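Reading the structure
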Amino acid sequence: SFVTVLFTGGYADWSVIVLVLIILVGSAMLAGSSYAAALTFSLPVALILYNAVSGTALLSSVGKQFSLSIEQAILFIIIEAILFACVRRILLLPRSSGPMTGLIAGIAATVVLLAVWIQVPALQGLWHFGPQVQNIFGASYRFWWIIGGFVLLAFAGS
């Protein structure tokens, strides 16, 4: 049959890609592009955070317990699901906000900026933060600051 031919002989990869494309295009056509946009923004961040789990305070031991590839995949999917929900919510925020929303959004952006800044050597050349800031926003807590920033921003408008 046609389906059997698609999933054999090297066509399986392209069949899966086309299936995902059809699902995402259909979703965008029915509900707008916010799901696709949320997925587009959340996936790279999920990859960064997934890679950071092994050096994260309180999570490094949990990450080491997930030795099977299916367990690692579940861990990535959990991180992606949290980020997807946050980004989806962020995309629905109003463009202008009151003082409280502005304060929460500013805090969220600042903690994410600091967590990323400390990890980029080129930015360290522009301004090198002292040991206290590096300890607080460094690798051990980077995961928590970034995910926390997304969660704060996601709920800034509620």
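This text goes with the structure placed above it.
Nothing here was measured: the structure is a model prediction, and the numbers come from that model.

1. Points about the environment of Ala-52
Note that Ala-52 resides in helix 3 (residues 34-52). Remark: the alpha-carbon pair of Ala-52 and Trp-144, spanning 92 residues in sequence, is separated by 9.9 Å.

2. What to know about the environment of Ser-42
Its location among the elements puts Ser-42 in helix 3. Aside from chain neighbours lying at most four places away, what touches Ser-42 is Glu-80, Leu-83, Phe-84 and Val-87.

3. A word on the environment of Leu-114
Inspection of the secondary structure assignment puts Leu-114 in helix 6 (residues 99-117). The class of Leu-114 is buried, set by a relative accessible area of 16%. C-alpha separation for the pair Leu-114 and Phe-129, spaced 15 residues apart in sequence, amounts to 9.3 Å. Excluding anything up to four places from it in sequence, Leu-114 contacts Phe-129 and Phe-137.

4. With respect to the nonpolar core
Leu-49, Ile-79, Leu-83, Phe-143 and Phe-150 are the most contacted members of the largest nonpolar core, which totals 18 residues. Among the elements of the structure, helix 3, helix 5 (69-91) and helix 9 (139-154) are those that each provide at least two residues to this core. When near neighbours in sequence (up to four residues on either side) are disregarded, Ile-79 contacts Ala-46, Leu-49, Tyr-50, Val-53 and Phe-143. The next biggest cluster of nonpolar side chains, apart from the first, holds 6 residues, and it includes Val-111, Leu-114, Ile-118 and Phe-129.

5. So, helix 6
Taking 1.5 Å of rise per residue, 19 residues should cover 27 Å, and helix 6 covers 26 Å from first to last C-alpha, within 8% of that figure. Buried residues of helix 6: Ala-108, Val-111, Leu-114, Ala-115 and Trp-117, and no others. Next to the buried residues of helix 6 lie helix 7 (121-126), helix 8 (131-137) and helix 9.

6. Some points on a nonpolar patch on the surface
Residues Leu-68, Ile-70, Ile-74, Ile-78, Ile-82, Val-151 and Phe-155 make up a contiguous nonpolar surface patch of roughly 630 Å² in combined accessible area. Top contributing element to the nonpolar patch by residue count: helix 5, with 4 residues. For Leu-68, the position within the fold is in the loop between helix 4 (60-65) and helix 5.

7. Description of the packing of helix 6 against helix 9
Their axes nearest at 8 Å, the elements helix 6 and helix 9 cross at an angle of 155 degrees. With respect to each other, helix 6 and helix 9 are oriented roughly antiparallel. The two elements helix 6 and helix 9 meet at a crossing, and its hand is left-handed. In contact with Ile-104, Ala-105, Ile-107, Ala-108, Val-111, Val-112, Ala-115 and Val-116 of helix 6, helix 9 contributes Arg-142, Trp-145, Ile-146, Gly-149, Leu-152 and Leu-153. A class-by-class count of the residues in the contact of helix 6 with helix 9 yields 12 nonpolar, 1 polar and 1 charged.

How each quantity is defined
By convention here, each chain's residues receive numbers from 1 onward along its written sequence. For this predicted model, a pLDDT threshold of at least 70 governs which residues receive local features, and a threshold of 80 or more governs which side-chain atom pairs are given and counted, while totals over whole chains, interfaces and linings are taken from all residues. The basis for the side-chain values is all heavy atoms of the structure; hydrogens and waters are excluded. Segments assigned H or I by DSSP are reported as helices when at least four residues long, segments assigned E as strands when at least two residues long, and all are numbered from the N terminus. A contact between two residues is defined here by any heavy atoms of the two lying within 4.5 Å. Note on exposure labels: buried denotes an accessible area under 20% of the residue type's maximum, exposed denotes more than 50%, and partly exposed covers the range between, all computed with a 1.4 Å probe on protein chains only. Here, the term nonpolar core denotes a set of buried Ala, Val, Leu, Ile, Met, Phe, Trp, Tyr and Cys residues that are joined through side-chain atoms within 4.5 Å. The span you would expect from a helix comes to 1.5 Å times its residue count less one. Like charges are joined within 9 Å and nonpolar side chains (Val, Leu, Ile, Met, Phe, Trp, Tyr) within 5 Å, but only among residues with over 30% relative accessible area and no salt bridge; these make up the patches. Only the protein chains shown count as cover for residues, and the accessible areas themselves come from Shrake-Rupley with a 1.4 Å probe. Within this document, salt bridges are pairs made up of a side-chain nitrogen of Lys or Arg and a carboxyl oxygen of Asp or Glu, the two lying within 4 Å of each other. The convention used is that axes are lines fitted to C-alpha atoms, helices contributing only their stretch in contact, and that angles between N-to-C directions extend from 0 to 180 degrees. The labels follow the angle: roughly parallel below 35 degrees, roughly antiparallel above 145, roughly perpendicular from 65 to 115, and oblique for the rest. The hand of a helix crossing depends on one turn: near helix anticlockwise from the far one by less than a right angle means left-handed, and clockwise means right-handed. The residue classification treats Ala, Val, Leu, Ile, Met, Phe, Trp, Tyr, Cys and Pro as nonpolar and Asp, Glu, Lys and Arg as charged. All others, Gly included, are polar.

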